[in-house]
Amino acid sequence: MGNLHKTVIGLNLKNHLKAVLASVLAFIALFLPYVDLGGEKKSAVNTALILLGKEVFSPSYIFVTGAVLFTVSAAILAVTSVFITSVKMLRCWQVVQSLSTLFSGLLMFSTRTMCKASGLFDNFLNKDLSFGYWILFIASFVGLVLVMNVTKTNVGYIALTILGVIWLFPILWIVLTAFRAEQGYYVGYFIPKGFTFDNFINLFTNNNVLPFAKWWFNTLIVAACSCVLNTLIILMTSYVLSRTRFAGRKGFMNILMIIGLFPGFMSLIAVYNILKGIGLNQSLMALIVVGAAGAAMGYHVSKGFFDTIPKAIDEAAIIDGASRLQIFLHVTLPLSKSIIVYTVLGSFLGAWSDYIFPSMLFGDKQSSYTVAVGLYWLTDFKRIDTYYTQFAAGALIVALPIVILFVWLQRFYVEGLSGSVKG
C-alpha cells in the first residue's frame, strides 16, 4: 500500500480506500431487496435474471441489467486498483463508476415501466423500491464522487451533470411524446410503445380544427416585426443615453428603471382598453405596437456595452465631419455586432414566446392566435386528451428554430453580455 503515493501522482490514499469501499457496498446492495412486488422482495440481480428469462424483450429491461453489469464491473475495477495503482486503471474505474451511477439513477424512472412490461407487477410505484435500491444508488454516487477526488477531477461536473439531467428530462419527455403513437394525456410510461410522424402531419393538415400553420405564420409576423422595431429602438435609446449628456438624462433613466420594476401584466387592462378604443384589439398590429412602445425600457445591457467603446473614436469621427447619425450607423454599430445579436435574439424570443398579453388580446378570435396561445388552447380539459401528442409536436416545432438560432449565435450572445458587464 505504501507504493500507492509514489506510483500515482497526487492521489489521496484515504479517499481511494473510501471509494473502493463505496463501490464494494454498491456491489453488495445488488443482492439486497431492490423491489417489493406484491409483498415479495426481489434483489436487482434476481430481477435481472427473471427479466432475461422472459420470452418477450422490452427496452426497459436494459436499465436493471446495465445497473447490475456496471456496478459489478466498477467493484472489480475498484478492488483491482488497490493492487494495480495506475492512472489508467483509475480513469477506467471512474468511467465505469459513472455508468453505474447513471443506470442506478435511471432505475428510479424505469422500474414501473419494466415491471408492467414484464408482467411482474402492474401497480408498481416508486414507494415500492426497497432499501437495497437506495443503498445501491447512494453508494454508487458516493463512490463516483470519491474516485473523482482521487483522480483530481472537478466534482462540480457531477453537480452540473445532475442538473443537466433534471433540466433535460422534461424536454426529453416532450420529444418522446411528440413522436408517440399512442394518444392520450397520461400514459404511465416514459418510452412510447410506438413512434409515428402523424402528430406533426396532423398539425398542418387538420386546419379546420387545428390551424397550426396559421398560428405559426401569425407568430412569425409578430416576432419578425417586433424584432426589427424593438432592436432599432433599444439600440438608438442606448446610444443616446451612453454618448450624450442632456438635461433630465439621469431622471429619465431612473424613471425607466422604476417603471421596469413593475410587472407588465399590471397594465394589461388599461392597454387593452386603449387598443379597443382605437380599434386595434384582436389584431396582430396591436402586439407589434405595444411591444415597440415599451422597447426603450430594455436599454440597460446595450448601454453598458456602448459605454465600453472608447469615446475617442466618436470624437475623431466628429473632427472628420461626421454627424451623430453617421457615427451611430458607420462607426458604433460595426463595432457592436455581439450586442446587436444579443438584442435581436432577445427581441425575437420575447415576441415569439409571449403568452399573457396575446391570450387576453385575442379572446376567442382563433384565426389571430399566436402559437403560444394556440398550444395552450389545445391543453384545455376538453381537448387535452385528444390533442396532447399534437401539442407536444407543436411545442417541438416552435422550440426548434429558437434552439438552432441560439446555438448558432451563442458566441455573439455571450460576448454581448460580457461586454455589458465591463461597463
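Computed from a predicted structure; not experimentally measured.

A. Molecular detail of the environment of Ile-327. Structurally, Ile-327 can be placed in helix 15 (residues 324-332). Looking at Ile-327, the relative accessible area reads 0%, which means it is buried. Separated by 10 residues in the primary sequence, Ile-327 and Ala-317 place their C-alpha atoms 6.8 Å from one another. Ignoring any residue separated from it by four or fewer positions in sequence, one finds Ile-327 in contact with Tyr-239, Asp-314, Ala-317, Ile-318, Ala-322 and Thr-332.

B. Fine view of helix 15. All of the buried residues in helix 15 are Ile-327, Phe-328 and Thr-332. All buried residues of helix 15 lie within an arc of 100 degrees about the axis, which places them on one face of the element. What points out from helix 15, more than 90 degrees from its buried face, is the exposed set Leu-325 and His-330. Next to the buried residues of helix 15 lie helix 9 (212-243), helix 13 (300-307) and helix 14 (311-319).

C. Quick look at the pairing of strand 2 (residues 40-43). Bridge count between strand 1 (residues 33-37) and strand 2: 4 bridges; the pairing is antiparallel. Counted as the bridge partner of Asp-36 is Lys-41 from strand 2. Linking strand 1 back to strand 2 in an antiparallel pair, the connection comprises 2 residues, with Gly-38 at a positive phi of about 60 degrees.

D. Quick peek at the nonpolar core. Among the nonpolar cores identified, the biggest contains 36 residues, and Phe-212 and Leu-361 are the most heavily contacted of them. For this core, the elements supplying multiple residues, two or more each, are helix 8 (198-205), helix 9, helix 11 (268-277), helix 12 (284-293), helix 16 (337-353), helix 17 (356-362), helix 18 (371-378) and helix 19 (384-422). In terms of residue count, helix 19 provides more of this core than any other element does, 10 residues in total. Those residues within four positions of Leu-361 in sequence are excluded, and the remaining contacts are Tyr-272, Leu-275, Asn-281, Gln-282, Ser-283, Ala-286 and Leu-287. Residues Leu-30, Tyr-34, Tyr-61 and Leu-107 belong to the second largest nonpolar core, which totals 24 residues.

E. Region of interest: the confidence of the model for the chain. Overall, the prediction assigns the chain a mean pLDDT of 82, with 93% of residues at 70 or greater. Mean pLDDT across the elements of the chain bottoms out in helix 1 (residues 3-7) (44) and peaks in helix 4 (residues 61-83) (91). Across residues 1-11, confidence stays below pLDDT 50; counting only partners more than four residues off in sequence or on other chains, it has 17 contacts. Contacts from residues 419-423, a stretch scored under 50 in pLDDT, to residues over four places away or in other chains number 9 contacts.

What counts as what
Residues numbered from 1 in each chain as written. Predicted model: local features only at pLDDT ≥ 70, side-chain atom pairs only at ≥ 80, totals over all residues. Heavy atoms only, no water. Helix = DSSP H or I, 4+ residues; strand = E, 2+ residues; numbered from the N terminus. Buried < 20%, exposed > 50% of the residue type's maximum accessible area, 1.4 Å probe, protein only. Contact = heavy atoms within 4.5 Å. Arc of directions from axis to C-beta. Pairing = 2+ DSSP bridges. Core = buried A, V, L, I, M, F, W, Y, C linked by side-chain atoms within 4.5 Å. pLDDT = per-residue confidence, 0-100.

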